[in-house]
Amino acid sequence: MKLGELLVQEHPFEEILMGNQALVRAMVESKTRVVTSYPGSPTPEIASAIADIPKDRQPFYFEFSVNEKVATEVAFGAALNGNLSCAFFKSVGLNVALDTFIQLGLLNIIGGMVVVIGDDPGANSSQNEQDNRNIYRMARVTVLEPASPKEAYEYYKHAAQLAVAHQTVVVLRLTTHVCHARQKIKFAGYKEEKGYKTEFNRENGPYIPLTVLALEMKRRSLKRTGPIISFIKKNGLNRIDKSKDSRGRGVITSGLTWLSVMDVLEKAEYRPGLLKLGVTNPLEKEVILSFLAAHDQVLILEELDDILENQIKAMAYDHGISTKIIGKICDEDFVGEFTPDKTMDKIIATWPEMIPDKIKEIRGKEKEPGNFPAVNVPERPAQMCPGCGHRSAFFAIKKALDENDVTVADIGCHTLGYMPPYEVGEVLMCMGASPGIASGLSLYNRERNVVAFLGDSTFFHAGLPGLINTIFNHHNITLIIMENGTTAMTGHQDHAGGIIKIETLLKGFGIDQVFACDTYSQEKLTTLVKTSLKTEGISVVIARHPCMLKFTRSQQKKQGYVQKHISIDPKACNQTHTCVQAFGCPSFVRNSDGSVDVNTDLCIGDGSCRPSCPEQAIGFEGGEK
Ligand SMILES: Cc1ncc(C[n+]2csc(CCOP(=O)(O)OP(=O)(O)O)c2C)c(N)n1
């Protein structure tokens, strides 16, 4: 059965699903009515699973909003009407949503609201590994932290129940591997019910947090803590696993780190007591204090910051508990994921006697230089796909730039322009930051051109204010919009550019100098960028070409589709290697004798490489022009 059909099947079933997919079933069972998102790893598969549900069985309204802030606002608005809603996005999305998100805990959200945020310890696909638990504390929101796909499913349902019962917001904090791991899960049944409420009533408020009301709202939200703790207790979300042979040792942990601890303990000589926190904000004092009191030493194992540690140490101090509490001891403890390996190291460093000597010996030997079995994996840096319009753009744009020019990158597939052979893009901050940063770099700077790059999804997401600022404050920059018609980096989600044409918008803003061309027209693009650089004030070049990965995938689905390839005429090829060294398409293979072959597994036959060859030695397979 198709995943989408399974997700709305009314009777119970058992299936192996990814955490992100299991979550959709939980949304369905909980009768979530409105779901919003802006794409970002590790959460996009939630949206793909929703998209897989047959159109006539869609259990709720779903939209990709223009950014995370708007996604949060739309979900909040829907919940004010009495509908359970959910917004989901990635870790750094919370920075964008924060101005709205920070208010949620103060409000009476009558329909209930769940915000699912995919944190990314290890920065697997983010520009940092920020620990959003810091923000959740500040925002005074309840946070549930599942450790596995099964728990992601169960905890969403708890979060929804809690949010509805207390008319509030609850955060479901996922991390990368909880989202992406697969697990066999028993799913409950449900009864399909449709219907959207429109029950907004200001009497449910106050909803205007001005003057003294803001403090009233804070007091009211503080009063929720007691009933929320009762819910946590009743549902056993924080769990103690007692051990008869703990030798006075205990471990407090949460989320995926709990699984790492379980992995390590399989090899241990004895088993410490365990407190697994399913709710990391607010902390359930009673259970923590009783756990501390029952052990002589407690190790707190938490990824990223020392949030649990500091609160638990303060609790112990306040209650005169003398248990030795061990937390982070060096900088490395704050960095990266708590994999089973890292957790094992931490446990050995704390309680060496817990782990058998034989295992410590093997691990010690493995760590000696040269002793680890050599794995010869060639380095494989990230790179643009064959045929990517961004590659043609960078190849052409580089020819227009002076080595003195300053180039500011933004986030998207085009970020890869910073890598050899293009090396265009010397600063990268976060989505939509490039026009603003470029403006700053252009101040007191008549000698060097400043060029900013921006993707089209990002243009709408967070690029607009920076761009409008350049117009408003007369900054002198060239903005190159890398328009590929999709949000490519996160898996081809649609964006507002499908409806609102960027070129029209720019002209509407009153920017006189707006140039546009297809990036495969490389000479033209070089000329346009040169012209733009000579222009005073803001000028924009739209470097346009559809995402070829998306395009090729759609072509391949067509009946009778035959994959074209390019070929190299060995007689014409002078082995200048411009195709390999300057154009840099991964489909080219340089042989030891200097000749160049085409890897037909990669080549999509788009021919964007052809203008790069000074000898015109690149043609299409079969001689086609
Ligand atoms: C605040 C935030 N939200 C989401 C993401 C995930 N993300 C990375 S790049 C990107 C957009 C890419 O689309 P676009 O700007 O069109 O560039 P493309 O990848 O298509 O070249 C997104 C959503 C992020 N890094 N930061």
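By convention here, each chain's residues receive numbers from 1 onward along its written sequence. Where totals are concerned, whole chains, interfaces and linings use all residues; where local detail is concerned, this predicted model gives features only for residues with pLDDT of at least 70, and gives and counts side-chain atom pairs only at 80 or more.

1. Some thoughts on the nonpolar core
Where we set the bar: For the purposes of this analysis, a nonpolar core is taken to be any set of buried Ala, Val, Leu, Ile, Met, Phe, Trp, Tyr and Cys residues that are connected through C-beta atoms within 7 Å. Counting other C-beta atoms within 10 Å of a residue's C-beta gives its exposure: the residue is buried at 20 or more, exposed at 12 or fewer, and partly exposed in between, where C-beta atoms are placed from the backbone. Only runs of H or I of at least four residues qualify as helices and only runs of E of at least two qualify as strands under DSSP, and these elements are numbered from the N terminus. Here the contact rule is simple: place C-beta atoms from the backbone, and any two residues whose C-beta atoms are within 7 Å are in contact.
One finds Val-114 and Tyr-156 to be the most contacted residues of the largest nonpolar core, which totals 102 residues. In terms of residues, this core owes the most to one element, helix H7 (residues 149-165), which gives nine residues. Residue contacts for Val-114: discarding those within four places in its chain leaves Cys-86, Tyr-156, Ala-159, Ala-160, Ala-163, Val-170 and Leu-172. Core analysis: the second largest hydrophobic core is formed by 62 residues, Ile-437, Leu-467, Leu-549 and Phe-588 among them.

2. Description of H7
Defined as follows: In this scheme, a helix's expected span is set at 1.5 Å multiplied by one less than its residue total.
Here H7 spans 24 Å end to end across 17 residues, near enough to the 24 Å set by a 1.5 Å rise per residue. When you tally the buried positions in H7, you get 13 out of 17 residues, the bulk of the element. Trailing H7 by a residue or two, Gln-167 shows a phi angle of about 50°, which is positive.

3. Some words on the domain arrangement of the protein chain
Put simply, the test is: Segmentation into domains, and thus their bounds, comes from an automatic or database assignment. When residue character is reported, Ala, Val, Leu, Ile, Met, Phe, Trp, Tyr, Cys and Pro are called nonpolar, Asp, Glu, Lys and Arg charged, and the others, Gly included, polar.
Domains assigned within the protein chain are domain 1 (3-234), domain 2 (240-367), domain 3 (389-548) and domain 4 (562-623). For domain 1 and domain 3, the distance between their C-alpha centres works out to 34 Å. Taken together, the contacts link twelve residues of domain 1 with eleven residues of domain 3. For the side of domain 1 that touches domain 3, the class distribution of residues is eight nonpolar, four polar and no charged.

4. With respect to the site of the ligand
Defined as follows: Residues are counted as near a molecule or strand when the C-beta atom, derived from backbone positions, lies within 6 Å of that molecule or strand.
In the neighbourhood of the ligand, 23 residues make up the surrounding shell, with Gly-40, Gly-412, Gly-455, Ser-457 and Ala-488 lying closest. Secondary structure elements with two or more residues in the shell around the ligand: helix H5 (93-104) and helix H18 (456-472). Looking at the shell around the ligand element by element, the count peaks at three residues for H18. The residue makeup of the shell around the ligand, split by class, is ten nonpolar, eleven polar and two charged. Residues from two domains meet in the shell around the ligand; each of domain 1 (3-234) and domain 3 (389-548) gives at least three.

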